[in-house]
Each structure stands twice: as C-alpha cells, then as structure tokens.
Amino acid sequence: MTIATATAGTAAVLAVNNIEVVYHDTIQVLRGLSLSVPRGAVVALLGANGAGKTTTLKAVSRLLELENGAVTAGDIRFADQPIAGLAPHTLVRRGLFHVLEGRRVFEDLTVEENLTAATYACRSGTARAGFELVYEYFPRLYERRTSTAGYLSGGEQQMLAIGRALIASPQLMLLDEPSLGLSPILVETIFEIIARINREQGTALLLVEQNAAMAFAIASYAYILETGKVVIDGPVERLMRDEDVREFYLGQGGRSYRDVKHYKRRKRWLS
Amino acid sequence: MDWLFLFEVAIAGLGAGGLYALAAVGFVVVYKATRVVNMAIGEILMLGAFVFFGFASGLGWPPWAAVPAALVVGGLFGGVVERTMIRPMLGESPIAVFMITVGLGSLLVGLVELVWSPEPRRLPAFLPDAPIFLPTPWGEAYVSPKTAYASAAALVLITGFMLAFRYWRGGVALRATATDRGAAYTVGINVPLVFATAWIAGSVAAFGAGVLLGAIGGISSTMGVFGLSVLVVVIVGGLDSLLGALVAGLLIGLLEALAGTFLGGEYKLLVTFGLLVVVLLIRPYGLFGTREIERL
C-alpha cells in the first residue's frame, strides 16, 4: 500500500508522448514532441516565436480542436488517464487549467464575476474557500473586486487570469507567457506569486516563456523547442551551464549576431 | 388638452411596449450569448401564438394547461434550432448564420400556413376581461384589460430574466461566454450548453410574447412583421442589453401610441424609424449597449 502511494507520488502528472499536430489538415506544427511534467514540479517550455509552444499547451488542454487543429499522432496522458476525446471543460474540472496567452479576462464582467465564472472549473463545493484563497494571494484583486475587469491594469489582469486558475485548485496549471507586456518589476511580482502557488498549493506548472531568465529562476526542468520538436532538454542547472542555451536564450555570450544566424541556419539544416 | 385621454393613450402605448420588450428580450438573450442576429424572432413569436392556438382550440385544452404547454414547446423548439442549425455553423462567418435565421423565418411562415392555413384567427379569450379603471387627478382612466394583463405578464418575465443574468451563476457564465468564448472554455464553462440554454430561453420569451400578442390582436401567419419593430427596439436599446430592451420597448410603444393618436396611423413608422436614426447618430451602440472596452 505504501509502495503504491509512493509510486503515485513520483509519477508524472502530464505525459506527452511523441505527438504531431496539424492545423486545417495541412499545416504541420508539432513533429514528434514529447515531454513530461512530474507531480508538483515546475517545467519550462522555451523557444523562438513559431516553435510550437502555445500549440503544445493547446494540444494538452484540448483547445486545439476549436481552432481547426488536431493531434494526428502520439498520445497525451493527464493524471495517468488518456485525454483524447474529452471536452475542454471536462478536462478543466479534472484539474488541468490553461491560463491563456494575453490574459483574456472577461472584460465586461467585474473581478468578482470573473472568479464566479471560473468556479465552473471547481469540483463541487470548493468554490467558497477558493475566493478567500485568491484574495489571500492577490490582495489587490480584493480591493478591486467590484471593478470592471476591462479597466484593470495589465498587471492586475494577469493576477486575475492566474486567480481564475487558482480558484479551481488544479493539479496542473499551464501558463502561457505570464510576463507578456508587463514591466520588469511586475514580472518579478507575478513570478514570485507563481512560485508560491507551486510551493504552497503543490500545483504543478508547465510554463511557456520568452523571458528565459525568469523561467529558469523558478523551473526545475526545461525543454527547448525549435520548429515543432524538442532540441534540448534537461534540468535547469545543467541548461544554465550549456554554452548554446546561455547564448541564445539567456543572452550571455560573446559571439556576434552574424554567427547566431549562421548557427541557426546550420541547426535547421541538420535537424 | 384632455389629460385623461392623453393618460389613457400613454398607458395603452406602454402596454404594447411591454410586449415589444418581451420579444426583444428573446432576441437579446440569443445575441448576448452567441452573437447571432436572430432575424426569425418575429416568426418564432408567430409560431408561439399558433402552437398555443393548436393546444387551446385544436385540442380544446384549458388556458392554464395550454400556456405552459406552448412555452415548453418553445423551449424544445429553441433547443432543436440551436442543435441542428446554429451549432454546425460555429466558427462560420456571422453573415452566414444571419442568413440561416432569415431562412428559418420563411420556413416557419410556410410551415404555419401548411398546418393552419394563412387565414387570421382569434385566440380563445383567456385573460380576464373586466374593464380596469385607474384613478387619476383628471378622473377615472380606462385601461384595456387585455393589454394590462399581457404587459404585466411581460414585465414579470423580463424581471425574471434580468435577475437571472445578474445573480444566477449560469447568467454569469452566459455573459462570460459572450465576452470571450475561448477563455470561457478554459474556466470550465460548457460553452455548447450555454448556447443551447440561450436559444431555449430566447425562444420561450418569444413564444410567450406571441401568445400575449395573439390574445390582444388575434393571430395570422403575417404577424411576424411584428419582428421588424422588435429589431428597431433592440437596436435602439443596445443589442446586448436586457435593460435596453425593456426601456426601448416601452419608449417605442409609447411613441407609436402617441403618434398614432395625435398625428395619424401613417406617422407611427415614421416616428419609430426617426427615433432609430437619431439614436444611431448619437449612440451607435444603442442606449444601453456595451461599448467595446479599448485599451491602447
């Protein structure tokens, strides 16, 4: 019995196995991508624009089908269950919450109504405690609870977007560029809170970021995508020592941009 | 100036306005949730009146059974339309969905004429018909009982809808879906179910308005032209505002009655559409419609 619990505790909450994604039956975006997120861990997903990071998240949360995209090969398992054929809203109630890129708060609704709408993601009876939890992490949202969400500042909207996820106390949160369009000081605040949620609530995070330095600060493992597949992955400590990663994703290194372009061309040619 | 007469005319206008408002609510609920402009609203209303006629006259049911039965059929009708005509069009261009509702309107007129023939008919009387007199400073004002009861019923229904939108969790889900469909999926809202609910609620409101309208003025397969005035009401009030539907409905009912009485029947449409032009010039999103929030 104890052994079984121990195994369950170490198993991956999310396992993506060799998936391919095609949009409109013609445009292939992901080409044999695999990754896994251990329970309670923070995993970062990095890569240039168009590498397929957002598509990966949408494949996992099953929003892909709403945009004429489809997973044509491979499989995705969440909490040891295959997710194929589940509706997005069912998946959310099982504990997989996708925080979309660009915040996407319900602009015409108040802050509180935004959170009320998010209680549809809760398993029954947990909503009341959820509100208190959100306001505890984001006292600013409590102050502005009767304001229309469309008039909040960018930082407050990002807090609300994360608060909507928090209210459902998910097992896994997918975060798509939480730093987008925020000032450096706000980015730090947001990341501190994200790290706290992971630590205190035990929520696993799959984090897509352009700001690699920030992502590395809270993640334990990272995958780097290029044109639809993983090119480098490993524990963050190791990646931070990696010459190429330092240069292309952290902006630390001596070579000029001419070499960078050359390198990228060569990489693509080889892969 | 005969104040008593003016008062009576105004009350009659507001009564007719209540029916406008109820039908407009049927339109607004659907538009709010699904962004579909339902051009068949007038014909759905007509179908409601005929379904009630079928139960009350055809099958001889008493009104207390025929009215709820007609409303239930309205709900079923809304659900079927959403499932078979609107949902398959998800993600298609709005103009295509718009044309589907135009087609649905013609289809319903044809259907009703096939089943009941195009002749105008009278609904069996079911509203109390003892005349009502309201005391006013100028004497007792006569109010047509049918109009009074019909508009009272309409106001009760509208209040119910407004409270539901504001405080019921499903109402919040519906408004959330209206604002951002993609984000609604991510917070666990069952978006297809929200769409179906909106169509069911909208059709029930339209069926209700049809029954009440038929009780006042009789029914015929051309009563769908009422839908034209309803469109004016929702545009004046703001396409996505329940309060706008209510206020604009009453306002237009009142204006029509005053214009019809003091200027002559031919001025009714002139005044309504004149109001439409003025409102669009000053507030293009309607009196109470949501202005898009733009952050630069």
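Residues numbered from 1 in each chain as written. Chains lettered and ligands numbered in written order. Predicted model: local features only at pLDDT ≥ 70, side-chain atom pairs only at ≥ 80, totals over all residues. Heavy atoms only, no water.

## Here's the deal with the overall build of chain B
The helix and strand inventory of chain B stands at 11 helices and two strands. Going from N to C terminus, chain B has its helices and strands arranged as α-α-α-α-β-β-α-α-α-α-α-α-α. Projected onto its principal axes, the C-alpha positions of chain B cover 60 × 55 × 35 Å. In chain B, which comprises 296 residues, the share counted as buried stands at 50%. (Helix = DSSP H or I, 4+ residues; strand = E, 2+ residues; numbered from the N terminus. Buried < 20%, exposed > 50% of the residue type's maximum accessible area, 1.4 Å probe, protein only.)

## What to know about helix H4 (residues 111-118) of chain A
Residues spaced three or four apart along an α-helix point in a common direction, a consequence of the helix completing one turn every 3.6 residues. Here H4(A) lies mainly inside the structure; six of its eight residues are buried. Turning to H4(A), its buried residues number three or more, namely Val111(A), Glu113(A), Asn114(A), Leu115(A), Ala117(A) and Ala118(A).

## A few points about the interface of chain B and chain A
Taken together, the contact between chain B and chain A spans 21 residues of the former and 30 residues of the latter. Carbon and sulfur atoms make up 61% of the area that chain B and chain A hide from each other, which totals about 2,300 Å². At the boundary of chain B and chain A, one finds three salt bridges. With a closest N to O distance of 2.7 Å, Arg175(B) and Glu113(A) form a salt bridge. (Contact = heavy atoms within 4.5 Å. Buried area = accessible area lost by both parts, 1.4 Å probe. Salt bridge = Lys/Arg side-chain N within 4 Å of Asp/Glu carboxyl O.)

## Details of the sheet that holds strand E7 (residues 172-176) of chain A
Residues and elements named next belong to chain A. Taking strand neighbours across the sheet as the criterion, the six strands line up as E6-E7-E8-E3-E9-E10 in an open arrangement whose pairing is mixed. Only two strands of the sheet have a single neighbouring strand rather than two, namely strand E6 (96-99) and strand E10 (229-235). Averaged over all pairs of adjacent strands, the angle between their axes in this sheet comes to 15°, without regard to strand direction. Here strand E3 (residues 42-47) pairs with strand E8 (residues 204-208) via four bridges, running parallel. Among the inter-strand pairings, Val43 is bridged to a residue of E8, identified as Leu206. This element, helix H2 (residues 53-61), spans E3, E6, E7, E8 and strand E9 (221-226) of the sheet and lies at about 150° to E7. The sheet contacts of helix H8 (residues 184-201) involve E3, E7 and E8, and relative to E8 the element is tilted by about 150°. (Pairing = 2+ DSSP bridges. Axes fitted to C-alpha atoms, helices over the stretch in contact; angles between N-to-C directions.)

## Here we look at the confidence of the model for chain A
In this model, chain A carries a mean pLDDT of 86, and residues with pLDDT of at least 70 account for 87%. Predicted confidence for residues 1-9 of chain A stays below pLDDT 50, and this span has two contacts to residues more than four positions away or in other chains. (pLDDT = per-residue confidence, 0-100.)

## Side note on the confidence of the model for chain B
Per-residue confidence for chain B averages 88 on the pLDDT scale, and 98% of its residues sit at or above 70. The complex prediction reports pTM at 0.83, with the ipTM value standing at 0.85.

## Some remarks on the environment of Val36(B)
Residues and elements named next belong to chain B. Along the chain, Val36 turns up in the loop between helix H1 (3-34) and helix H2 (41-58). Separated by 23 residues in the primary sequence, Val36 and Leu59 place their C-alpha atoms 35 Å from one another. With near-sequence residues (within four places) excluded, Val36 lies in contact with Val30, Tyr31, Ile86, Val97, Thr101 and Trp199.

## As for the layout of surface pockets
Residues and elements named next belong to chain B. In this structure, the largest pocket spans a volume of roughly 600 Å³. What lines the largest pocket is a set of 22 residues, and nearest its centre among them are Lys32, Arg166, Arg175, Asp240 and Thr290. At the level of secondary structure, the elements contributing two or more residues to the lining of the largest pocket comprise helix H5 (145-167), helix H6 (169-179) and helix H10 (242-262). (1 Å grid on protein atoms, 1.4 Å probe; cavity = no way out; pocket = protein on both sides within 12 Å on 5 of 7 lines; lining within 4 Å. Points joined across faces, edges and corners; volume = space filled by probe spheres on them.)

## A few points about the pairing of E9(A)
Residue and element names in this part refer to chain A. With five of six residues buried, E9 lies mostly within the body of the structure. Across five bridges, E3 lies against E9 in parallel orientation. Residue Leu45 lies in a different strand from E9, and its bridge partner there is Tyr223. Summarising the sheet, E9 and E10 pair through six bridges and their orientation is antiparallel. Paired with Tyr223 across the bridge in E10 is Asp233. Hairpin connection between E9 and E10: a loop of two residues separates the two successive antiparallel strands, and Thr227 in this loop has a positive phi of roughly 35°.

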